[in-house]
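# Architecture at a glance
As a plain string of letters, each chain reads:
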Amino acid sequence: YVAPCVSCCRGSSSNCGSNSSSNISSSMAHSARIDLNAKILDYEHFANDVLKVDLQKTVEQRAKCQLGIEELEELRRNVQQLKQQQEAGHTTLKTRVELGSGVFCRAAVPDTSHLFIGIGLGFHLEVALHEADRVIDLRQQALRVQLGKCIDKAARIKANVRFVAQAIHELMQLPAGQ
């Protein structure tokens, strides 16, 4: 049984010259077209299932890095406010803390000269208020390096997607005999 040729006889095996034993070149062209279509499908699956998934993961990682940098900037502003309050003689702080799902509770901080900064993996570093800027700078620098790597990786993946799309386009332009 030879599968009907989609390109030359539109699925009807009775019209296809490739089923005739007298027309060997037509049979080879039919086989080449099937191989070419399979290769095109392989490239399409690679682009959609591998490259685009990797690109999505990289974009999500880039967004996490950007969010981390923004959070550190907000922390820097809060540290500056605490320093100003400390210079004014206020060493306590009354605030509201979110418990989750929009639920807040009141909190009182008796001593604002030290604070805890999340450094990752659930660990927090206790630092003096005057040391916080240095820790924030180091953490931001690490996140910027990671952000740069994400941007570079995304650019490489996009280039690969364009390359595969161009390859698919060129394969589709090939005549059936090649």
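Residues numbered from 1 in each chain as written. Predicted model: local features only at pLDDT ≥ 70, side-chain atom pairs only at ≥ 80, totals over all residues. Heavy atoms only, no water.

## Details of the environment of Leu-171
Short version of the rule: Elements are defined by DSSP. Helices are runs of H or I of four residues or more, strands are runs of E of two residues or more, and each kind is numbered from the N terminus. Whether two residues are in contact is decided by their heavy atoms: any pair within 4.5 Å suffices.
The topology assignment puts Leu-171 in helix α3 (residues 132-173). Sequence separation between Leu-171 and Ile-40 is 131 residues, and the spatial gap between their C-alpha atoms is 6.9 Å. If we skip the residues at most four places from it in the chain, Leu-171 touches Leu-36, Lys-39, Ile-40 and Tyr-43.

## A closer look at the pattern of salt bridges
Here is the rule we go by: Any Lys or Arg side-chain nitrogen found within 4 Å of a carboxyl oxygen on Asp or Glu counts as a salt bridge. Under the scheme applied here, a residue whose accessible area is under 20% of the maximum for its type counts as buried, over 50% as exposed, and between as partly exposed, the area being computed with a 1.4 Å probe on protein chains only.
Considering all chains together, one arrives at four salt bridges under this definition. Between Arg-76 and Glu-73 there is a salt bridge; the shortest N-O distance is 3.8 Å. Residue Arg-76 and its partner Glu-73 are located together in helix α2 (residues 24-87), separated by three residues, close to a single helical turn. Note on Arg-76: relative accessible area 18%, which makes it buried. The class of Glu-73 is partly exposed, set by a relative accessible area of 27%. Through salt bridges with shared partners, a single ionic network connects Glu-73, Arg-76, Lys-83, Asp-133 and Asp-137.

Shape descriptors only; they carry no functional weight alone.
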